[in-house]
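Below are the chains, spelled out letter by letter.
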Amino acid sequence: LGTPESMASAMEALGLMHRKQGQPEQARPLLADNLKLADQILNAQPDDDVARRRHRMARFHLATVLSPVAAIPELLRVLDEFTEAGDERNQVKINYWLGLKLTEGDDGPAAIEPLRKGAHLAEANKMTLEQGLCHRALADADPVNAESHLREASRILRGRFPDEEAEVRARMTELGFTGQE
């Protein structure tokens, strides 16, 4: 292996694994190194669409483990680039993370629009998990309508994503939302 591309893919995968396990401190240096490799790859192949996409993805993934202050501007830039490229599937993911970072930065009202857009694009692209996650995140961004967002997330995730649906149900219980839909 040993190519910059394979090394970048390995670092990205390991960094994303740490992020998924709730270990952003372990993910951050791996995703920063992944971005450095993506920079090198792009510099060597500036006209290559795959190199440009890799670079956008590396920037996106690193932003997900940064503070909201650092992450939000980068997520907005990368979102614009994926929108320009017509890549709706990655727009879903970036809108989701943008919503999370805005909420984390205490700007829930601003998070509602990207999360709704993410949920809409996820539905249009048959990305059921991401659609449910956007609705789950909307519950935190839009607490006035949290119950309806959580019920929609549960409905979407039910049957296909039991772990995520269980987390939604736990959040509903935590907030005191009981009963059937």
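Rules and cut-offs
Residues numbered from 1 in each chain as written. Predicted model: local features only at pLDDT ≥ 70, side-chain atom pairs only at ≥ 80, totals over all residues. Heavy atoms only, no water. Helix = DSSP H or I, 4+ residues; strand = E, 2+ residues; numbered from the N terminus. Expected span 1.5 Å × (residues − 1). Buried < 20%, exposed > 50% of the residue type's maximum accessible area, 1.4 Å probe, protein only. Contact = heavy atoms within 4.5 Å. Phe/Tyr/Trp six-rings, centres within 6.5 Å; stacked < 30°, edge-to-face > 60°. Lys NZ or Arg CZ within 6 Å of the ring centre and 35° of its normal. Core = buried A, V, L, I, M, F, W, Y, C linked by side-chain atoms within 4.5 Å.

*Asks:* When you look at helix α2 (residues 24–44) in this model, what are you seeing that I'm missing?
*Replies:* Along an α-helix, residues three or four positions apart point the same way, because every turn accommodates 3.6 residues. Here α2 contains 21 residues, and its C-alpha end-to-end distance of 30 Å stays within 8% of the 30 Å for a straight helix at 1.5 Å per residue. Buried residues of α2: A27, L30, L31, N34, L35, L37, A38, I41 and L42, and no others. Where α2 is buried, its residues meet α1 (4–20) and α3 (49–63).

*Asks:* Explanation requested: the packing of aromatic side chains in the structure shown.
*Replies:* A ring pair, where both rings are aromatic, is described by two values, the distance of the centres and the angle of the planes. Inspection of the entire model under this criterion finds one aromatic pair. Pairing Y96 with W97 gives two aromatic rings, centres 5.8 Å apart and planes at 80°, and the pair type is edge-to-face. What makes Y96 buried here is its relative accessible area of 18%. Owing to a relative accessible area of 17%, W97 belongs among the buried residues under this scheme. Above the ring of F82, the side-chain terminus of R56 is found at 4.8 Å from the ring centroid.

*Asks:* Can you walk me through the nonpolar core in this structure?
*Replies:* Nonpolar side chains tend toward joint burial in soluble globular proteins. Formed by 22 residues in total, the largest nonpolar core has its most connected members in F60, L75, I94, Y96, L98 and L115. Looking at this core, the elements that each hand over two or more residues are α3, α4 (68–84), α5 (88–104), α6 (108–124) and α7 (128–141). The greatest single-element share of this core, amounting to six residues, is contributed by α4. When residues no more than four places from it in sequence are discounted, the contact partners of L115 are N95, Y96, G99, C134, A137, L138 and A141. Counting eight residues, the second-largest nonpolar core is a separate cluster that includes A139, A146, L150 and L157.

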